[in-house]
Amino acid sequence: MEEFHTREVDRRRLDDDLTVLRWRTERLLALGYTRRDAASLASSRVDIHDVERLIARGCPLDTAVRIAA
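The sections below set out a description of the structure shown in this document. As the structure is a computational prediction, the values presented were derived from the model and not from experiment.

1. Digging into the pattern of salt bridges
Link 1 in the chain: For the structure shown, the criterion picks out two salt bridges.
Link 2 in the chain: A salt bridge links Arg 27 to Glu 52, with the shortest nitrogen-to-oxygen separation between them at 2.6 Å. With Arg 27 in helix 1 (residues 2-31) and Glu 52 in helix 3 (residues 48-56), this residue pair connects regions lying 25 residues apart in the sequence.
Link 3 in the chain: For Glu 52, a relative accessible area of 19% puts it in the buried group.
Link 4 in the chain: The residue Arg 53 makes a salt bridge to Asp 50 at a minimum N-O spacing of 2.6 Å. Highlighted residues: Arg 53 and Asp 50, both in helix 3, separated by three residues, approximately one helical turn.

2. Side note on helix 2 (residues 35-42)
Link 1 in the chain: Residues of helix 2 that are buried: Ala 38, Leu 41 and Ala 42. Buried residues in helix 2, looked at end-on, bunch into an arc of 100 degrees, giving them a common side.

3. A word on a nonpolar patch on the surface
Link 1 in the chain: A cluster of nonpolar side chains, namely Leu 14, Leu 18 and Leu 21, defines an oily patch on the protein surface of about 240 Å² accessible area.
Link 2 in the chain: Relative to the elements of secondary structure, Leu 21 occurs in helix 1.
Link 3 in the chain: By relative accessible area, Leu 21 is classed as partly exposed at 33%.

4. Quick look at the environment of Ala 56
Link 1 in the chain: Its location among the elements puts Ala 56 in helix 3.
Link 2 in the chain: Given a relative accessible area of 68%, Ala 56 falls into the exposed group.
Link 3 in the chain: Measuring from C-alpha to C-alpha, the distance between Ala 56 and Arg 45 comes to 20 Å, with 11 residues separating the pair along the chain.

5. Some remarks on the nonpolar core
Link 1 in the chain: Ranked by size, the top nonpolar core spans 15 residues in total, and within it Leu 28, Tyr 33, Val 51 and Ala 64 carry the most contacts.
Link 2 in the chain: Contributing elements (two or more residues each) for this core: helix 1, helix 2, helix 3 and helix 4 (61-68).
Link 3 in the chain: Counting residues per element, this core draws most heavily on helix 3, at four residues.
Link 4 in the chain: Every residue in contact with Tyr 33, bar those within four places of it in the chain, is listed here: Leu 28, Ala 38, Leu 41, Val 51, Ile 55, Leu 61, Ala 64 and Val 65.

What counts and what doesn't
- Residues numbered from 1 in each chain as written.
- Predicted model: local features only at pLDDT ≥ 70, side-chain atom pairs only at ≥ 80, totals over all residues.
- Heavy atoms only, no water.
- Salt bridge = Lys/Arg side-chain N within 4 Å of Asp/Glu carboxyl O.
- Helix = DSSP H or I, 4+ residues; strand = E, 2+ residues; numbered from the N terminus.
- Buried < 20%, exposed > 50% of the residue type's maximum accessible area, 1.4 Å probe, protein only.
- Arc of directions from axis to C-beta.
- Patch = residues over 30% accessible without salt bridge, like charges linked within 9 Å, V, L, I, M, F, W, Y side chains within 5 Å.
- Areas by Shrake-Rupley, 256 points an atom, 1.4 Å probe, with all protein chains shown as cover.
- Core = buried A, V, L, I, M, F, W, Y, C linked by side-chain atoms within 4.5 Å.
- Contact = heavy atoms within 4.5 Å.

Shown next, in the form of structure tokens:
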């Protein structure tokens, strides 16, 4: 029974991770990044909110990522 519980916890954690990854990718796509760049950045440690703020202030996409990284 404990093994089942462990698998369920792992599955939920994976679901949560995928949900966050999907959200990050969608936000980056909405900001104008290509699908390839958005997918790569979504799985990085870049702070999406910082990127959004920088772009809203007129920062170019590539520069925003370098600053937020």
